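Given next are the chains, with one letter for each unit.
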Amino acid sequence: MRNYLPKLKSLMLAMALFMGAAIGVNAQNRTISGTVLDASLGDPVPGATVLVKGTTRGTATDLDGKFTLPLQAGDQVLVISFVGYLTQEVEIGNQSTITINLQEDIQSLQEAVVIGYGSQDKKEITSAVVGVKPDDFNRGNVSNPTQLLQGKVAGLSITRPGGNPNAGFNIRLRGLSTFGANSSPLIVLDGVIGASLENVDPNDIQSIDVLKDGSAAAIYGARGSSGVILITTTKQGKKEGVTNVTINTFGTMDRAANLIPILSPEEFVARGGTDFGARTDWREELISDAFSYTTNASVSGSFGNTSYMGSVNYRNNNGIVDGVGNERLNTRLNLSQGALNNRLRFNINLSFTNVDSESINDAAFRYATIYNPTAPIFAENTQDSRDFGGYFQRDLFDFFNPVALARQQRFVGETKTALTSYRAEFDILPNLTLSAQYSQDRRNTLSGGFWSLNDFQVGIGSQGSAERNTFDRSQRIFESTLRYETDLSDKLNMTLLGGVGTQFTTNQGFNARVRQFLFDSGWNNLGAGAIRLGNNTNVSSFANQDQLNSAFGRANFNWDNTFFVSASVRAETYSGFGANNQTGVFPAFSVGSDFTQLFDMGVFNQFKPRVSYGVTGNLPPSPTLALGVFGNGNRIDLDGDPLTQNDIFVGINQFSNPNRDLKWETKKEFNVGIDFGLFNGKVNGSVDYYTRNISDLLFNVPVATGAPNPFDPGRFNTASSTWVNLADLRAAGFEFAIGVNQIGKGALKWTPNFNFTIYDKTTIESLSAGDLGFDELRFATPGSPGQNNNPIIYNRVGQTLGDFYGPRLLGYTESGQYILSTTDPNEFERLGNGLPKGEFGFANSFMYGQWTLNVFLRGAWGHDLYNSYRGFYENADAASNTWNSVITSKTPTSPLVTSTPTFNSSYIEDASFIRLDNMELGYNFKTKSPNLSSLRMYFAAQNLFTITNYTGIDPEVRINDQENGDGFTTSLSPGIERRNTYFQTRSFTLGVTVNFK
C-alpha cells in the first residue's frame, strides 16, 4: 500500500497557506460601516470624525450620521469625536457594521473658551483668559454689550458716569495701556476683527471671552495692546426639523437719583441772591421719569445640512430729559451650510443696525442745579420775552435758563451699520482644515445741530445757526488660516495654526455749518443761512485710507492633559507708520501644568500654575501721523481789494512734521497665574499677577521751526510739532476670582461668584525721545469762571500717571478766606490720584423651585475725584451769589467761605464706593404645552443704592476727561467730574421671555 501521508501533509500545508493569504488579503480589503447617533435624542450626528486609533486615517459622517472606512491589518480600535460630545473608543473585532451613541459633553460645552482663531478647552488654557456665559450676564435694561460684563471679569473696568442713554462706555483692561492711541480693548465679533459693538444686540450674544494678558492677545499683534474681547453670537439650531422661537419683551422706568443738595429759594435770597419773585425747582422742570421699551425676537432651527438663526431687536431708550434718547433696530441672520459629507462648511453672518438718537446740551444739567431758584421759567410781556423766545434770561456771564437751553438747542444723529461676514472651511484631511473669511464692517453717521434764533447761549449772537455732519467708515478684512492637529504619540497632542490677513480701512467725512437765518429752518435747509464764514460757521471734508498686512502662526502642545505649552508670533506691516518702521513682530509664549495629574492634591481636582509672556502693539489714532500733514489755513486776498473775488484763495498750513521713524507702541507683559478647582469642581477660581512695560507711546511734541528734523535727515522742521514715540510706562496688578456652584440643601441653592483686582498704578518711566521730551505734562484746568489757567493734573516722570497737584487748604480766616499752603504752581503738593487702587464684583444667584434671584454688587476703592460743583458753587462770596450754592456734607458752614472759588485740596474727595448695581427676581412657569418650551417673568432693578463718602453726582471712576485738549490726551486726565455730567438714574424693569418650539 502506497503511503499518501506525506502528500496529504503537503496538501494541507498548501491549503493552510492559501487560506492564510486569502484571509490576509481579505483583512486588507475589509471595510467597516456604521452610524453615529446622539445618545439622548437618537438623532444622527453629521460631521463626526471617525479615526483609526494611532493613525491619521479616518473619515467624517454624512448627513445621516453614516460612515464607511477601509481597514488595514492591525486596525483594532475606532476613535469617534465631535465638538460638544465625549470622545468614544470602540473595539472593531469582527464587526462589519456598528452603531455608536455619543454622549453630550456637558462640562466640555461649559468649559470651552474662545481664543484667537479658534477655541480651546479651559483645562488647556495657559494664558489669562476668562469666558462669560449668558447665565453670568448682568440683567435689566442692558442696551450695550459691554454692560453684560460690567464687574464680572477681574481687571476689566467698564464705566459710564451718569445716566445718559446716548453715552458710550469707557472700557479698560488691566488699567491704562496708552494715552495717545486706542485705549479700549479690541473687539472681535464672530471672528471679525475690530467690529463695532453697534453691530450686535446684547440679546443675541451667546458668550463673551476676554483675552487679558499679552500672550493671549499677541495673536492679534498690533491691535491687541489694550486686550481683546471676543463676542460670539447665538448659534444656529441643531436638532433636525425643530424650529425654536424666542420672544423677550420688557419695559423700563428710569428715575433721577443722587441729586446734589442746593439752597432753597429763601436760603438763596438770605445769602444775598437777587429775588425775582418766583419759586422754581429747575431740576424738577428739566427732568421727569423716563419710560423705555424693548422687544427681541429670534428664530433658529435646522433642516438637512443647513442651520440658521435670525433675530430682530427693537429698543426705544429714553432719557430723563425730554429730547434725550435713542431708537435702535438691529437685525441679524446667521446661516451655516455643509457639503461633501460636511467636509466643506459655509457660514454667513449678516447684521444691520439703525440708530436714531436725540441729545441736548449737557450744560442744562449744570444750570438746572445752580440757576437762580427765584427766577421764573418764562418772562411775560417784556422786551426780553420777545428776544429770548418767551423764556426768562439774564445778560450775565455763564448763566443760562436750563429749560430754554434744552428746548432751543437740538442735536440728532442717525447711525447705520452693516457687518457682513462670509466664511468657508474645508477639511483637506480629517485633521487638516483650511479656512478663509471675508468681512466688511461699514458705519455711516449723519448728525445735525441746531441753535434757535432765540437761543441765548449761541443763537442770538449768530442770528441762528445750524450744521450737518456725515462720517463714513469702511473696513474690509480678508484672512485665511490652515489648522493641523495630530497625536505625535499616545500622550502628546499638537495643534498648529498658520494664517495670513489683510485689512483696508477708509474714513471720509463732510461738515457744513452756517448762521444768520430769517426763520428757524434748521439743518435741513442750510442754504437759508446767509453767512457761511466766520464764527459759528464751517465747511470741511476729509478722507484717508490705511492698510494692515499680517502673517501669524501658533503651536499648542498637550502632554497627557498634564503639561500644556503654547507659542505664537504675528508679523504686521502698517501703512500709517514711518517708512523706516512699518513692520512689527509680536511673539508670545505660555506654559502650564495641572499638578493634580502628577500628585495627589487632596481636595483639589485642578491646580494648574501657568506662566506667560507676550508682546503686543497699538495702532495710532490716525494713519497720517508719520507724514508731514498739511491743512487749510486762512483766506488770502492777494490784492487786498474786497470787491474782487477771483484772487481770494485758502492758504496751506503744515500742521506737523514728517517722522520716518514713527513706529508701534509696544507692550511687553509677563503674567503668572494659577487656575484651581476644589471638591470635584464645586469651587473654581483663578489667581493672576502681571507686570507690563509699555514703550514708545505716541505723542505730539512741540519743536522749533527751522531747526533740523532728526526724524527726516537733511530736512528742517516747517511746523511747530512732530508726532514721536515719546513715553514709557510701567504697570502691574493682582487679580483674583472664585465661584462656588450651588451651595445649600433642599430646594434653596446659592451660587456666589466673587472677583477683585488690586492695581499697582501706572508709573511714567520716561517722557522723552532723543533730545525731545518733558519732565512733566500738565493738563485739566477746571474752567471758567476764573480757573482757566491752572492745570490740576501733573504727569511727572517717576510718578504715577494722573496725579492731582494743587495748594493744600490749611483752614479759613475768621472772615471765611482760604488759608492755602502756597499760591505758586511750582510748589503745589500731590493731593491724590484719579485711578483706582482696586475694583471688585460680587454676583449672587439664588434658586428656589421656580423662583430665581440674582443680586450683583460692584465697587471700586482708592480713587479720588475732583468735585467740580463744590469747586465752583459752594462759596458765599459776592460774585458767587449769581448762582445757587451746593450744600453737601462737606460744604463749610462755620464760617461760610467768602473767597473766590480756587482749586485746592478740599475739592479732591475719596470716591471709593459699593453699589448694588443689579438685581433681578424671576419666575419660571411650568409648561405642559408641546409647543411651549418655557415661560419666564422677571423684575429687575439697576443702581438701587450706592455707599460712598463722595458728595458729587457719581463716584464712578473717571478714566479720561473729554474736556481736556485735543482728544488724544484725555487719558492723561483721570479723576475729574465735570459740571456737565448727566444726572445718575435708577432703573426698574418688568419683562417676560417666551420660548416656542
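Conventions and cut-offs
Residues numbered from 1 in each chain as written. Predicted model: local features only at pLDDT ≥ 70, side-chain atom pairs only at ≥ 80, totals over all residues. Heavy atoms only, no water. Helix = DSSP H or I, 4+ residues; strand = E, 2+ residues; numbered from the N terminus. Contact = heavy atoms within 4.5 Å. Areas by Shrake-Rupley, 256 points an atom, 1.4 Å probe, with all protein chains shown as cover. Lys, Arg positive; Asp, Glu negative; His and termini not counted. Charge placed at Lys NZ, Arg CZ, Asp CG, Glu CD. Salt bridge = Lys/Arg side-chain N within 4 Å of Asp/Glu carboxyl O. Buried < 20%, exposed > 50% of the residue type's maximum accessible area, 1.4 Å probe, protein only. Pairing = 2+ DSSP bridges. 1 Å grid on protein atoms, 1.4 Å probe; cavity = no way out; pocket = protein on both sides within 12 Å on 5 of 7 lines; lining within 4 Å. Points joined across faces, edges and corners; volume = space filled by probe spheres on them. Nonpolar A, V, L, I, M, F, W, Y, C, P; charged D, E, K, R; others polar. Polar contact = N/O pair within 3.5 Å; in protein donor to acceptor, adjacent residues only side chain to side chain. Axes fitted to C-alpha atoms, helices over the stretch in contact; angles between N-to-C directions. Phe/Tyr/Trp six-rings, centres within 6.5 Å; stacked < 30°, edge-to-face > 60°.

Caption draft 1: Structural context of the overall build of the protein. Helices and strands together make up the secondary structure of the protein, namely 10 helices and 50 strands. If you take every contact in the protein between residues at least 6 apart in sequence, the share linking residues at least 24 apart comes to 71%. A total of about 43700 Å² of accessible surface is found on the protein, and carbon and sulfur atoms cover 55% of it. Each charge sign in the protein was given a centre, from 79 positive and 93 negative side chains, and these centres are 8 Å apart.

Caption draft 2: Layout of the pattern of salt bridges. For the structure on display, the rule yields 46 salt bridges. With a shortest N-O distance of 2.9 Å, Glu 920 and Arg 139 are connected by a salt bridge. Of this pair, Glu 920 sits in strand S47 (residues 913-925) while Arg 139 sits in the loop between strand S10 (129-132) and strand S11 (156-159), placing them 781 residues apart in sequence. In terms of burial, Glu 920 and Arg 139 fall into one category: buried. Between Asp 190 and Arg 332 there is a salt bridge; the shortest N-O distance is 3.6 Å. On the criterion of sequence distance, the pair formed by Asp 190 in the loop between strand S13 (186-189) and strand S14 (192-193) and Arg 332 in strand S20 (residues 325-339) is long-range, its members being 142 residues apart. Of the residues examined, Asp 190 reaches a relative accessible area of 19% and is grouped as buried. With relative accessibility at 5%, the residue Arg 332 sits in the buried group. Where salt bridges share partners, they join Arg 174, Lys 212, Lys 667, Glu 669, Arg 692 and Glu 735 into one cluster.

Caption draft 3: Expanded view of the sheet that holds strand S45 (residues 864-867). In space, the 3 strands of this open sheet follow the order S46-S45-S49, with mixed pairing throughout. Bordering the open sheet on either side are strand S46 (908-910) and strand S49 (976-977), each of which pairs with just one other strand.

Caption draft 4: Representation of empty space enclosed by the protein. In the structure shown here, the tally under the stated rule is 8 cavities of 30 Å³ or more. Volume-wise, the largest cavity comes out at about 520 Å³. Around the largest cavity, the lining comprises 30 residues; the ones closest to its centre are Gln 147, Arg 160, Gln 942, Thr 985 and Ser 987. Of all the secondary-structure elements, those providing two or more residues to the lining of the largest cavity are strand S19 (306-318), S47, strand S48 (932-948) and strand S50 (984-996). Taken together, the residues that form the lining of the largest cavity break down as 5 nonpolar, 18 polar and 7 charged. In this structure, the second largest cavity occupies an estimated 220 Å³ of space. Residue lining of the second largest cavity: 21 residues in total, with Gly 175, Leu 176, Tyr 759, Leu 835 and Pro 836 positioned closest to the centre. Here the lining of the second largest cavity takes 4 residues from strand S35 (residues 748-769), the largest share from any one element.

Caption draft 5: Here's a closer look at the side chain of Asn 361. Checked against the element boundaries, Asn 361 lands in the loop between strand S21 (344-359) and helix H6 (363-370). Asn 361 sits in the buried class, given a relative accessible area of 18%. A distance of 2.9 Å separates a polar side-chain atom of Asn 361 from the backbone nitrogen of Ala 363. Side-chain polar atoms of Asn 361 contact the side chain of Gln 457, separated by 3.1 Å. Dropping the residues within four chain positions of it, Asn 361 is found in contact with Leu 405, Gln 409, Phe 411 and Gln 457.

Caption draft 6: Up close: H6. A large share of H6 lies buried, amounting to 8 of its 8 residues. Restricting attention to buried positions, one finds in H6 the residues Ala 363, Ala 364, Phe 365, Arg 366, Tyr 367, Ala 368, Thr 369 and Ile 370.

Caption draft 7: Expanded view of the sheet that holds strand S4 (residues 66-70). Overall, mixed pairing links the 3 strands, which are arranged S4-S1-S7 in an open sheet. Strands with a single pairing partner mark the edges of an open sheet, and in this sheet they are S4 and strand S7 (97-102). The average angle at which neighbouring strand axes cross in this sheet is 25 degrees, direction not considered.

Caption draft 8: Focus on the packing of aromatic side chains. Enumeration according to the criterion identifies 39 aromatic pairs in this entry. Judged by centre distance (5.5 Å) and plane angle (80 degrees), the ring pair of Tyr 367 and Phe 400 falls under edge-to-face. Linking Tyr 367 in helix H6 with Phe 400 in the loop between helix H7 (383-387) and helix H8 (402-408), this pair joins segments that are 33 residues apart in sequence. As far as the burial class goes, Tyr 367 and Phe 400 line up, both buried. Between the aromatic rings of Tyr 371 and Phe 399, the centroid separation amounts to 4.2 Å while the plane-to-plane angle is 20 degrees, which identifies the pairing as stacked. Residue Tyr 371 is found in the loop between H6 and H7, and its partner Phe 399 is found in the loop between H7 and H8; the two are separated by 28 residues along the sequence. Neither residue differs from the other here; Tyr 371 and Phe 399 are each classed as buried.

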